[in-house]
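Now for the letters of each chain:
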Amino acid sequence: MTTLNSQTIAQLAEHLESAERQARDVTKITDDYPGMDWEDAYAIQDEIRRRKRARGHQIAGLKAGLTSFAKMKQMGVASPVFGFVADYMAVPDGGEIRMDGLIHPKVEAEICVVTKAPLKGPGCHMAAVMAAVDFVLPAVEVIDSRYRDFKFDLKSVVADNTSSARFVTGTRMRDLADLDLRTMGVVLEKNGAPVAMAAGAAVLGHPLAAVAMLANHLGARGQEIPAGSFIMTGGVTEAIAVEAGDHVVARLQDLGSVSMRFV
Ligand code: 0L1
Ligand code: MG
């Protein structure tokens, strides 16, 4: 049950999506709607998704955000959030990302999966996720909060589709059975220098725990993760700010590397 009426939800979705499309920052929406609840926040995100679909975009994947201890600490929060990425946000490995379409982007390396069976909560657990994973692949997510100076609370960030902006996937597909996602080392480099590093266990103890949480989150809302979904489990390290001219490479043990240049 939302506390905001449907007109306000539509207006806030329009406000945040316009800020994204015009690469313009705004103040966090809870400043004006301090009483909004989680249902309101996800209803605004759903309305942003509906607007993108109506414009002809496809949903390219689902994501969990703020799943690592480093990211929770960086943003001063204590729980994950869930969102989506759309087709136009995808950038090929080694590609260029234009700064003029973004506000203040940051990069984070993520362990990702593609599913081969649907996952439905409540009660989704690690073994169910393991059975449903088709393959594992690496990605770099480019987040770009529409909120000024990345200053927000969790409800505002959920409404803003968890800062989704761009993503770059690697091209190496690996079988889950051949990997240990907990001990998988991740190094994020900017202009040739390592700027952040961690292991997969930084994501909720095991990155697949983020997938189970996503399934349970959707299940509580009467939805599921369909078979064939691309899912980003969340930044393993803290997010690193980038500017024009920066070259970013993420190296994920056993998964290869992912790179991009900001122009
Ligand atoms: O993917 C993410 O971890 C983004 C979560 C939203 C908060 C942020 O912008 O850092
Ligand atoms: Mg992320």
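This text gives an overview of the structure that appears in the document. Being a predicted model, the structure only gives us computed values, none of them experimental. (Residues numbered from 1 in each chain as written. Chains lettered and ligands numbered in written order. Predicted model: local features only at pLDDT ≥ 70, side-chain atom pairs only at ≥ 80, totals over all residues. Heavy atoms only, no water.)

Moving on: the coordination of the magnesium ion (ligand 2). Binding of the magnesium ion (ligand 2) to the protein goes through Glu108 (OE), Glu110 (OE) and Glu141 (OE), at separations of 1.9 to 2.1 Å. Here the donor residues of the magnesium ion (ligand 2) are spaced in sequence according to E-x1-E-x30-E. A single burial state applies to Glu108 and to Glu110, both of which are buried. (Donors = N, O, S within 2.8 Å, 3.2 Å for Na, K, Ca; no water. Buried < 20%, exposed > 50% of the residue type's maximum accessible area, 1.4 Å probe, protein only.)

What follows covers the side chain of Asp40. Relative to the helices and strands, Asp40 is located in helix α2 (residues 38-54). Although Asp40 lies buried, it forms no salt bridge, and the closest oppositely charged side chain, Lys155, sits 8.0 Å away as judged by the N-O distance. Apart from the residues lying within four places of it in its own chain, the contact partners of Asp40 are Thr2, Thr3, Leu4 and Ile9. (Helix = DSSP H or I, 4+ residues; strand = E, 2+ residues; numbered from the N terminus. Lys, Arg positive; Asp, Glu negative; His and termini not counted. Salt bridge = Lys/Arg side-chain N within 4 Å of Asp/Glu carboxyl O. Contact = heavy atoms within 4.5 Å.)

Here the focus is the sheet that holds strand β12 (residues 247-252). Here we have five strands laid out as an open sheet, ordered β4-β13-β12-β8-β9, and mixed in their pairing. The open sheet has two free edges, formed respectively by β4 (95-97) and β9 (193-199), since each of these has just one partner strand. The mean angle between the axes of side-by-side strands here comes to 20°, regardless of whether they run parallel or antiparallel. In this structure, strand β8 (residues 185-190) lies alongside β9, joined through six bridges in antiparallel fashion. Looking across to β9, one finds that Val186 is bridged to Ala198. (Pairing = 2+ DSSP bridges. Axes fitted to C-alpha atoms, helices over the stretch in contact; angles between N-to-C directions.)

The buried fraction of strand β5 (residues 106-115) amounts to ten of the ten residues, a majority that puts the element mostly inside the structure. Burial along β5 is two-sided: Lys106, Glu108, Glu110, Cys112 and Val114 facing one way and Val107, Ala109, Ile111, Val113 and Thr115 facing the other are all buried. Pairing between β5 and strand β6 (residues 133-143): ten bridges, direction antiparallel. Following the sheet pairing, Ala109 is matched in β6 by Val140. One ladder, built from two bridges, connects β5 with strand β11 (residues 240-241); its direction is antiparallel. Residue pairing in the sheet places Lys106 in a bridge with Ala241 of β11. The pairing of β5 with strand β10 (residues 230-235) spans four bridges and is classified as antiparallel. Looking across to β10, one finds that Cys112 is bridged to Met232.

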